[in-house]
Amino acid sequence: MLPLTGECDIVRLLQSTVPKDLQAKAKFGGSNARGILMSATIPVANCAALPEERFEPLRHALCRQSSIERALGWFFAANPPLTPEDLIPQDEFSYDLLVPYPGGLYLSYDTS
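Calculation criteria
- Residues numbered from 1 in each chain as written.
- Predicted model: local features only at pLDDT ≥ 70, side-chain atom pairs only at ≥ 80, totals over all residues.
- Heavy atoms only, no water.
- Phe/Tyr/Trp six-rings, centres within 6.5 Å; stacked < 30°, edge-to-face > 60°.
- Helix = DSSP H or I, 4+ residues; strand = E, 2+ residues; numbered from the N terminus.
- Buried < 20%, exposed > 50% of the residue type's maximum accessible area, 1.4 Å probe, protein only.
- Pairing = 2+ DSSP bridges.

(A) The packing of aromatic side chains, seen in detail. Tallying each qualifying case throughout the model produces 3 aromatic pairs. Aromatic side chains phenylalanine 75 and tyrosine 109 sit 5.6 Å apart centroid to centroid with 75 degrees between the ring planes, which places their arrangement in the edge-to-face category. One end of the pair, phenylalanine 75, is in helix α2 (residues 68-77); the other, tyrosine 109, is in strand β5 (residues 105-111), with 34 residues separating them in the sequence. Each member of the pair, phenylalanine 75 as well as tyrosine 109, is classed as buried. By the ring-pair criterion, three or more aromatic residues cluster together here, those being Trp74, Phe75, Tyr101 and Tyr109.

(B) Representation of the pairing of strand β3 (residues 86-89). Note that β3 and strand β4 (residues 95-101) share 4 bridges and pair antiparallel. The residue bridging leucine 87 from the neighbouring strand is leucine 97, located in β4. The hairpin formed by β3 and β4 contains 5 residues between the paired strands.

These figures capture arrangement, not role.
Here is the structure:
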């Protein structure tokens, strides 16, 4: 079970298919294993190649979701609420959380 306080490492906006190579991990938001403070925002990758005017508002909302708890709050505040579809283990410490997004897109949260 992924704890609600787990860190979001990167969020990717994807077309309706999810690539298998979601392995790049970069620690952002919170502190790393050594307790070193990191950036308050996380990177958001536009893998769906949305036009900038459509991507920027979404990037702005996603870049502050540095924990699963924050992401879930945003999911449930959406109208209609967003529902996570799958939690895919990548290794013993990290997961990809897949969330369908309107317009045939997916949000892929790399978490640890």
